[in-house]
Amino acid sequence: MSDHAPDAGGRADHQFRRPARSARTVRAAGDVRESHGGRRLATGITIAAVLIVLAHLVHAVAQAPYVLTGRGPWPAWIALGVVLAVGVISRLVSRVLPDWLYLVLLAGLAVPLWLDVSATAGQLDRGVTPTAAAAAGAVLMPVAAIRGSRVPLVAASVIAAVLATEALLQATSAGLFVVPGVAVAATAVFPVLLATLAISGFRRLVGRELDLSLVQSTVGTARTAVGMRASEELAQLDFDAETLLDDVGSGRIMIPLPPDAAELAGSLAARLRVRLIEGRTDTWLRHAVTESAYLSHRVVLDDPLGSAGLLSQEQRDGLLLALWLLVAEPPKGAGPPLQVHVACRERADETDPDAGFDMMIDVSGVARRRVDPATWDAIGSVGSHNVVTGADGFRIDIACRVAPNIHAGSPSARGAARSRGS
């Protein structure tokens, strides 16, 4: 999504894309997730899985007297124990479970499933239901916390489908005993489903907080700042220019330049000019929006003169927090998608040239009553504001007053901003 909205004439400002996170940042994100309670969540899920497995084991012992001779559930439990032992030992030996072993262990759960279904087939009328097979579904709960939830959820669904099919096929002979048979099948997938919901919610929460921490570094920059994307571009431009000049200086490329070298020099010059022009209005707010995984898809920024760079540290913190809380509200029902449009405009006040500027935050897709109350406190730190309620959203008009020497470089910085914008 572009950070600038097209004007009436159909023009649009420069397009910005959020830069991809580096491998080091991704690894750091994983470490932060673990240190923010991920290990405790995995431990809690593991304890819940152990309790569910023990409950199925107690059920197997309780129904053992009713099982036909020679068709007990213990071979299936022994097979399940072997799979669990291999998985636990592998996890203790190496913190990173190889993909091939992970797939082998998942496929190994088919053995206790087959043994248990074979041992209990045709006995539902006696109240005998699978136990080890249902416990195999619960075993997938800690796997979802360690290796991702999609594959364990699919595997648990397959186990539940097999157990439910076995119970329904005995409906004629089993009668009302089909109900506990289907209930046992549900115990193979519902705990994994609940664990998946808890894990996905936790990861979303920590991911948002981590992204906010990474983007918040832009708050302390100067009025016009260089973001991660621009830093990479400038580094590459600097390297290409030094390489070309070194080739010319060492005589590897003769003067006048050959067509290919001349074309490269012209391209470098054009890219540098574009970078310099963009840099005049590349404020902290632009980089906070474009470099955020959450704001970049929901916030559109229109700040042609880079006025947001004049805000103080407290005002920047408040504005960033307000935008974060606004995009955190999911749209309700089948209404319009959530979108926040931020526009900064110079204030025409000849008596006080340093009075500040006006900011408009137009929010669509969320009703005012659903906004977190902390949002208004954060906006209050930016400036005096007025809220206008609309049909599918609301608009916040903020009068931002700024000190002439804060982040502007000099008292004449605002006049320079006007001259650049004219």
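Structure first, text after, so check above.
A. Seen up close, a nonpolar patch on the surface. Among the surface-exposed residues, Ile47, Val50, Leu51, Leu54, Leu57, Val61 and Trp74 lie close enough to one another that they form a single nonpolar patch of about 620 Å² accessible area. Ranked by residue count, the leading element in the nonpolar patch is helix H1 (residues 23-63), at six residues. Following the sequence through the fold, Leu54 ends up in helix H1. Under the relative-accessibility criterion, Leu54 is labelled partly exposed at 44%.

B. Structural view of the sheet that holds strand E5 (residues 393-400). Strand order in the open sheet formed by five strands is E1-E2-E3-E5-E4, with mixed pairing between adjacent strands. On the outer flanks of this sheet lie strand E1 (299-302) and strand E4 (384-389), each paired with one strand and no other. For this sheet, the mean inter-axis angle between neighbouring strands, taken without regard to orientation, is 15°. Pairing of E4 with E5 involves six bridges; the strand directions are antiparallel. In the strand pairing of E5, Val388 is matched with Arg395.

C. Spatial organisation of the packing of aromatic side chains. Scanning the model with the defined rule gives two aromatic pairs in all. Summarising the aromatic geometry, the rings of Tyr294 and Trp324 are spaced 6.3 Å apart at their centres and angled 65° between planes, so their arrangement reads as edge-to-face. Taken together, the residues Tyr294 in the loop between helix H12 (284-290) and E1 and Trp324 in helix H13 (residues 313-327) connect sequence positions 30 residues apart. The burial state of Tyr294 is the same as that of Trp324; both residues are buried. The interplanar angle of 55° and the centroid separation of 6.0 Å between the aromatic rings of Trp376 and Phe394 together place this pair among those described as tilted. With Trp376 in helix H14 (residues 373-380) and Phe394 in strand E5, this pair connects stretches of sequence that are 18 residues apart. Accessibility classification places Trp376 together with Phe394 in one group, the buried group. A cation over an aromatic ring shows up here: Arg368 above the ring of Trp376, its NZ or CZ 5.4 Å from the ring centre.

D. Representation of the pattern of salt bridges. Using the criterion set out here, one finds three salt bridges in the structure. Its salt-bridge partner being Asp99, residue Arg147 comes within 2.6 Å of it at the nearest N-O pair. Of the two residues, Arg147 is situated in helix H5 (residues 132-147) and Asp99 in helix H3 (residues 99-108); the sequence distance between them amounts to 48 residues. A residue is classified by how much of its surface remains accessible, and Arg147, at 30% relative accessible area, is partly exposed. A salt bridge links Arg395 to Asp397; its shortest N-O distance comes to 3.0 Å. Take Asp397: its relative accessible area is 25%, and that puts it in the partly exposed class.

Criteria and thresholds
Residues numbered from 1 in each chain as written. Predicted model: local features only at pLDDT ≥ 70, side-chain atom pairs only at ≥ 80, totals over all residues. Heavy atoms only, no water. Patch = residues over 30% accessible without salt bridge, like charges linked within 9 Å, V, L, I, M, F, W, Y side chains within 5 Å. Areas by Shrake-Rupley, 256 points an atom, 1.4 Å probe, with all protein chains shown as cover. Salt bridge = Lys/Arg side-chain N within 4 Å of Asp/Glu carboxyl O. Helix = DSSP H or I, 4+ residues; strand = E, 2+ residues; numbered from the N terminus. Buried < 20%, exposed > 50% of the residue type's maximum accessible area, 1.4 Å probe, protein only. Pairing = 2+ DSSP bridges. Axes fitted to C-alpha atoms, helices over the stretch in contact; angles between N-to-C directions. Phe/Tyr/Trp six-rings, centres within 6.5 Å; stacked < 30°, edge-to-face > 60°. Lys NZ or Arg CZ within 6 Å of the ring centre and 35° of its normal.

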